[in-house]
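# Architecture at a glance
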Amino acid sequence: MEQMVNVFLFGKKYEVPESLTIMEAMEYSGYQLVRGCGCRNGFCGACATIYRIAGDRELKACLACSTKVENNMYVATLPYFPLVKEVYDIEKVKPTEQIMMQLYPEIYSCVGCNACTKACSQGLNVMQYIAYAQRGEYEKCAEESFDCVMCGICSSRCPAGISHPQVAMLARRLNGKYLAPHCDHLDDRIREIAEGKYEKLIEDLMQKPLSEIKELYNNREIEK
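On a predicted model such as this, the values are computed, not experimentally measured, just so you know.

### As for the overall build of the protein chain
A count of helices and strands for the protein chain gives ten helices and five strands. Dimensions of the protein chain along its principal axes, counting C-alpha atoms only, are 55 × 50 × 30 Å. A buried classification covers 36% of the 224 residues belonging to the protein chain. Sequence-distant contacts in the protein chain: of pairs separated by 6 or more residues, those separated by 24 or more amount to 56%. Carbon and sulfur atoms provide 52% of the accessible area of the protein chain, an area that totals close to 14,100 Å².

This is the structure in structure tokens:
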């Protein structure tokens, strides 16, 4: 028999197998997750969760899809966090420091508490990429924030009210549009996709078992 642990979901106690993730434990207990949670191995960012272990004062944040349950874990999912998302035309904005001042001036109110970095479910150095954004170093901001899944956990802990994921998204767009070297072969690949060249290959991949797809992915040729 598999070892069972006690978890408290929204204040109610359940016994669940210890091998489950928080997301799986919720479903095991009868909850239906409908807010865009389609993965089981991380990381889409839709299942932002807070929890505390009995006897431990620290409140922790995570993604439910990739965090295992622990005994006496008290769990509550975060509601969708209302990040500030400014509207802009990427064809008209330019990669200057002034564009951040105009769209996301709150980044200059950062107090350096590092709560954003400590909360990040991906282990990103969030405060550092905000510092890059402050200085208009968008290439560095884009690189540092590349693995952001926009779950909003960092912003939920920020005393300055910074919408870190949206700041990072703007930096990546500016970098991709204006700063990154142009790739002719990428244009060729986009044209090939539009022409349907890879539809048969995609259909074949969809028929393969997950283990074989993982093997192909792990041994793929990575362009330098």
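There's more to say after this.
### Some remarks on the pairing of strand β5 (residues 73–77)
When strand β1 (residues 4–9) meets β5, the two strands line up parallel, connected through three bridges. Paired with Val7 across the strands is Met73, a residue of β5. As defined by bridge partners, strand β3 (residues 48–53) adjoins β5 across five bridges and the pair is classed as antiparallel. For Tyr51, the partnering residue across the bridge sits in β5 and is Val75.

### A short note on the domain arrangement of the protein chain
As far as domains go, the protein chain holds domain 1 (4–77), domain 2 (97–179) and domain 3 (184–216). Placing a centre on the C-alpha atoms of domain 1 and another on those of domain 3 gives a separation of 34 Å.

### Considerations on the sheet that holds strand β4 (residues 60–63)
Here we have five strands laid out as an open sheet, ordered β2-β1-β5-β3-β4, and mixed in their pairing. The open sheet terminates on both sides in strands that have one partner only, identified here as β2 (12–17) and β4. Neighbouring strand axes in the sheet, compared pairwise and without regard to direction, differ in orientation by 35° on average.

Rules behind the numbers
- Residues numbered from 1 in each chain as written.
- Predicted model: local features only at pLDDT ≥ 70, side-chain atom pairs only at ≥ 80, totals over all residues.
- Heavy atoms only, no water.
- Helix = DSSP H or I, 4+ residues; strand = E, 2+ residues; numbered from the N terminus.
- Buried < 20%, exposed > 50% of the residue type's maximum accessible area, 1.4 Å probe, protein only.
- Contact = heavy atoms within 4.5 Å.
- Areas by Shrake-Rupley, 256 points an atom, 1.4 Å probe, with all protein chains shown as cover.
- Pairing = 2+ DSSP bridges.
- Domains from an automatic or database assignment.
- Axes fitted to C-alpha atoms, helices over the stretch in contact; angles between N-to-C directions.

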